Amino acid sequence: MENTFTDLSHINVRGGDGGAGCMSFRREAFVPKGGPDGGDGGRGGDVVVEADPQLSSLIDFRYKHHFRAERGTHGQGARRHGRDGADLVLRVPVGTVVRELDPSTQTPLYDIADLTSPGERVVVAPGGAGGRGNIHFVTSVRRAPAFAEKGEPAREHWIELEMKLMADAALVGMPSVGKSSIIARISAARPKIADYPFTTLVPNLGVARASNGQSFVAADVPGLIEGASEGRGLGHQFLRHIERTALILHVVDVTGGYEGRDVLEDYRTINDELAAYASELAERPQLVVANKCDLPGTEEATERLRRAAEADGRPFFAVSAATGAGLEALVTTCAAEVARLRAEAADAGPVVDLSERWERERQRRDRRMVVTREERHAWRVSGPQIERMVIQTDWENDEAVAYLQHRFDRCGLDDALAKAGAVTGDEVRILELAFTFEGRDDAPDFDELAEDDAELETGEVGE
């Protein structure tokens, strides 16, 4: 049967293009000076990622990788505005991290959001702004503006979706130590179980319930080996699922398995790998579970592991997944520990929906403006908002071009260029267009600037 578990996907997203604003004048009998009445273009729809507690995998993104929102329609005369495009909502499991990817290398650049609450959402591809109609450009000296804004094309880019399980407890250990057998015994989960290493290739979730009614969600994480923190075996694919768990159940095979491994070496190897992957995992509460204690000749290994666990201050349990011995005490203790950790988390504050925070951060990135020297007297200005101004300008309309210069003045572009070292006559490049910098009287001399002053991140664009 095909594996339907997917915990990492790369997808291409694009919001809807914005509709163009309309340049129109009211023409009506007996109204000699009707004035401008061009409507605005509709805004393109956003692509939104939303956390859905009903999902447990990113399987929806295994075969489909391109997602587009609906475009906005154009404005019309008589102040008729275009219709906004519909948003496209992509639902992902709770615990999904969303990252921006480098378009050429497909490596993560930065985190966009970490969706840890049901219903939490983030806009990953905003729709293009609709162009404004000419009704917006009337001033005391410009009574009949004969231009409107174009709609903004939406940006297309790649993002990474990485799911990290939101379990209370994770069973970790070497391959074939019996983790799947234990979770099958203590919950309704039915993982694949066989007598060879790496039988489990995907994490399994199960709800375990103690005799006193307390319950917790346990995750059976595929076997780790030495070097897992560096990606050996299936390391990086599954260590991510341990990060969010409150409690670790460290399972050790006291028989030593087929290789006759030493129990203490196994115990220390897994702990070293957890610490190497994420230092805070070394401090995570941990229960040490000696499995297969029903088999003859395991008494000495069990006792050695018990002493090591107690020396580390960790509770120890000798169990048998085959017979069920010791599992009731393990589940009861684990449920009580999870309840305690939940209470501590609740005292620290309620779970907060961070949707507004993710949106504020997206808007802040949108306003960033960067000035970079490309040649001795040529500068590149980049940033979503400043580029949007250029895109929405009708370059065949002199009034529209003059209005763009006014917007540049208001957003502080000249000051940013002068601060970076631009002087009168330098070329300023935005997207595929070039302008001539008119300069300021107090601008510094370029030749006096150090070579490492070639790039300036000016902060936010403001109008």
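Rules used in this analysis
- Residues numbered from 1 in each chain as written.
- Predicted model: local features only at pLDDT ≥ 70, side-chain atom pairs only at ≥ 80, totals over all residues.
- Heavy atoms only, no water.
- Axes fitted to C-alpha atoms, helices over the stretch in contact; angles between N-to-C directions.
- Helix = DSSP H or I, 4+ residues; strand = E, 2+ residues; numbered from the N terminus.
- Parallel < 35°, antiparallel > 145°, perpendicular 65-115°, else oblique.
- Left-handed = near helix turned anticlockwise from the far one by under 90°.
- Contact = heavy atoms within 4.5 Å.
- Nonpolar A, V, L, I, M, F, W, Y, C, P; charged D, E, K, R; others polar.
- Buried < 20%, exposed > 50% of the residue type's maximum accessible area, 1.4 Å probe, protein only.
- Pairing = 2+ DSSP bridges.
- Salt bridge = Lys/Arg side-chain N within 4 Å of Asp/Glu carboxyl O.

1. Brief notes about the packing of helix α7 (residues 384-391) against helix α8 (residues 398-411)
Thought 1: Between α7 and α8, the least distance of the axes is 10 Å, while the angle of their chain directions is 165°. Taken as axis vectors, α7 and α8 run roughly antiparallel relative to one another. Judged by the twist between their axes, the crossing of α7 over α8 is right-handed. Every residue of α8 that contacts α7 at Ile386, Met389 and Val390 is listed here: Leu404, Arg407, Phe408 and Cys411.
Thought 2: A per-class count over the contact of α7 with α8 returns six nonpolar, no polar and one charged.

2. What to know about unusual backbone geometry
In most cases, non-glycine residues show a negative phi, while peptide bonds are predominantly trans.
Thought 1: If you check the backbone angles, Gln106 has positive phi at about 60° while not being a glycine.
Thought 2: Of note, Gln106 is situated in the loop between β5 (96-101) and β6 (108-115).
Thought 3: The class for Gln106 is partly exposed, based on a relative accessible area of 25%.

3. Section: the pairing of strand β11 (residues 215-220)
Thought 1: Bridging between strand β9 (residues 169-172) and β11 involves three bridges; their strand directions are parallel. Its bridge partner lying in β11, Ala169 is registered against Ala218.
Thought 2: With six bridges connecting them, strand β10 (residues 204-209) and β11 associate as antiparallel partners. Each residue of the ladder has a partner; that of Gly206, found in β11, is Ala218.
Thought 3: In sequence, β10 turns back onto β11 through a hairpin of five residues, with Gly213 there showing a positive phi of about 95°.

4. Focus on the pattern of salt bridges
Thought 1: Under the criterion given, the structure shown has 27 salt bridges.
Thought 2: Glu160 serves as the salt-bridge partner of Arg99, at 2.8 Å between the closest nitrogen and oxygen. One end of the pair, Arg99, is in strand β5; the other, Glu160, is in strand β8 (residues 156-163), and 61 residues separate them in sequence. Here Arg99 and Glu160 have matching classes, each one buried.
Thought 3: Here Arg132 makes a salt bridge to Glu149, at a shortest N to O gap of 3.1 Å. Taken together, the residues span a long stretch of sequence, with Arg132 in the loop between β7 (121-125) and β8 and Glu149 in the loop between β7 and β8 at a distance of 17 residues.
Thought 4: Taking relative accessible area as the criterion, Arg132 reaches 26% and is therefore assigned partly exposed.
Thought 5: Look at Glu149 and you get buried, because its relative accessible area is 7%.
Thought 6: In the salt-bridge network here, residues are joined through shared partners; they are Glu374, Glu375, Arg380, Glu427 and Arg429.

It is worth stressing that arrangement in space is one thing and function is another; only the former is reported here.
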